[in-house]
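These are the residues of each chain, in order.
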Amino acid sequence: HDIGHPGVNNDFLVKTSDVLAICYNDISPLENMHCSRMFDIVTKPRTAVFGSLQKEQYHEVRSICVAAILHTDNVHHMPMVKKLQVFAELHAELLTDAQDVYQR
């Protein structure tokens, strides 16, 4: 899942003005590179796993993949955890009911 990873983190890439940081405007350079490499691979004829999708479906799948990969950047971790905590607090009863139904 970390194809092409240089063994350093985004902060290092940005602080050293690495070519990846420059290419992706200092925004999640590693994750953006992973997205780019993935779509480079899956658009080749031998590996076109999305090749049978309609244009609209492909754009939706691509959007989901990009969002999922970009959210693996650690700068998104704590804000995401906080959102999940708020969601869990607001919907505690519903989540408990769902868990009870699932465990039956």
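Residues numbered from 1 in each chain as written. Predicted model: local features only at pLDDT ≥ 70, side-chain atom pairs only at ≥ 80, totals over all residues. Heavy atoms only, no water.

S.K.: Would you mind going over the overall build of the protein chain with me for this structure?
M.R.: Helix and strand content of the protein chain: 6 helices and 0 strands. Starting at the N terminus, the α and β elements of the protein chain follow one another as α-α-α-α-α-α. Since a compact globule built from 104 residues should have a radius of gyration of about 13 Å, the 18 Å found for the protein chain marks it as more spread out than a globular shape. Every one of the 104 residues in the protein chain was classed for burial, and the buried ones make up 18%. In the protein chain, of all internal contacts separated by at least 6 residues, the share reaching a separation of at least 24 is 43%. Of the roughly 8200 Å² of accessible surface on the protein chain, a fraction of 59% belongs to carbon and sulfur atoms. (Helix = DSSP H or I, 4+ residues; strand = E, 2+ residues; numbered from the N terminus. Rg over C-alpha atoms; globule rule 2.2 N^0.38 Å. Buried < 20%, exposed > 50% of the residue type's maximum accessible area, 1.4 Å probe, protein only. Contact = heavy atoms within 4.5 Å. Areas by Shrake-Rupley, 256 points an atom, 1.4 Å probe, with all protein chains shown as cover.)

S.K.: Mind showing me how you'd approach the environment of alanine 21 here?
M.R.: For alanine 21, the position within the fold is in helix H2 (residues 19–23). Taking the relative accessible area as the measure of exposure, alanine 21 reaches 0% and is therefore buried. Expressed as a C-alpha distance, the spacing of alanine 21 and isoleucine 3, which sit 18 residues apart in the sequence, is 16 Å. When neighbours within four sequence positions are excluded, alanine 21 is seen to be in contact with Leu13, Val14, Asp26 and Pro29.

S.K.: Got a minute to help me understand the nonpolar core in this structure?
M.R.: One recurring pattern in soluble globular proteins is that nonpolar side chains are buried together. Within the largest apolar cluster, 6 residues are counted, these being Leu13, Leu20, Ala21, Tyr24, Leu30 and Met33. Of all elements in the fold, only H2 and helix H3 (29–42) reach the threshold of two or more residues within this core. Setting aside residues no more than four positions away along its own chain, methionine 33 makes contact with Ile3, Gly4, His5, Leu20 and Tyr24. (Core = buried A, V, L, I, M, F, W, Y, C linked by side-chain atoms within 4.5 Å.)

S.K.: It is not clear to me how the packing of aromatic side chains should be interpreted in this structure. Could you clarify?
M.R.: A ring pair, where both rings are aromatic, is described by two values, the distance of the centres and the angle of the planes. Here the structure, examined in full by the defined rule, presents 3 aromatic pairs. Centroid distance phenylalanine 39 to tyrosine 58: 6.3 Å. Interplanar angle 90°. Geometry classified as edge-to-face. Of this pair, phenylalanine 39 sits in helix H3 while tyrosine 58 sits in helix H4 (residues 55–70); the two residues are 19 residues apart in sequence, bridging distant segments of the chain. By the ring-pair criterion, three or more aromatic residues cluster together here, those being Phe39, Phe50 and Tyr58. Sitting over the ring of phenylalanine 39, arginine 62 keeps its end group 4.5 Å from the ring centre. (Phe/Tyr/Trp six-rings, centres within 6.5 Å; stacked < 30°, edge-to-face > 60°. Lys NZ or Arg CZ within 6 Å of the ring centre and 35° of its normal.)

S.K.: Looking at this structure, I do not really get the confidence of the model for the protein chain. What am I missing?
M.R.: Overall, the predicted model of the protein chain reaches an average pLDDT of 93, with 99% of residues at or above 70. Mean pLDDT across the secondary structure elements of the protein chain bottoms out at helix H6 (residues 92–103), with 88, and peaks at helix H1 (residues 10–15), with 98. (pLDDT = per-residue confidence, 0-100.)

S.K.: Can you help me understand the side chain of aspartate 73 in this one?
M.R.: When you line up the elements, aspartate 73 lands in the loop between H4 and helix H5 (77–90). Lacking a salt bridge, the buried aspartate 73 has lysine 15 as its closest oppositely charged neighbour, with an N-O distance of 13 Å. A distance of 3.3 Å separates the side chain of aspartate 73 from the side chain of asparagine 10, its partner in a polar contact. (Lys, Arg positive; Asp, Glu negative; His and termini not counted. Salt bridge = Lys/Arg side-chain N within 4 Å of Asp/Glu carboxyl O. Polar contact = N/O pair within 3.5 Å; in protein donor to acceptor, adjacent residues only side chain to side chain.)

S.K.: Honestly, unusual backbone geometry in this entry has me stumped. Any pointers?
M.R.: The general pattern is negative phi for most residues beyond glycine and trans for most peptide bonds. Not every positive phi belongs to a glycine, and aspartate 26 is a case in point at roughly 65°. Within the secondary structure, aspartate 26 sits in the loop between H2 and H3. Positive phi, normally seen in glycine, also occurs at serine 28, with a value near 40°. With respect to the helices and strands, serine 28 occurs in the loop between H2 and H3.

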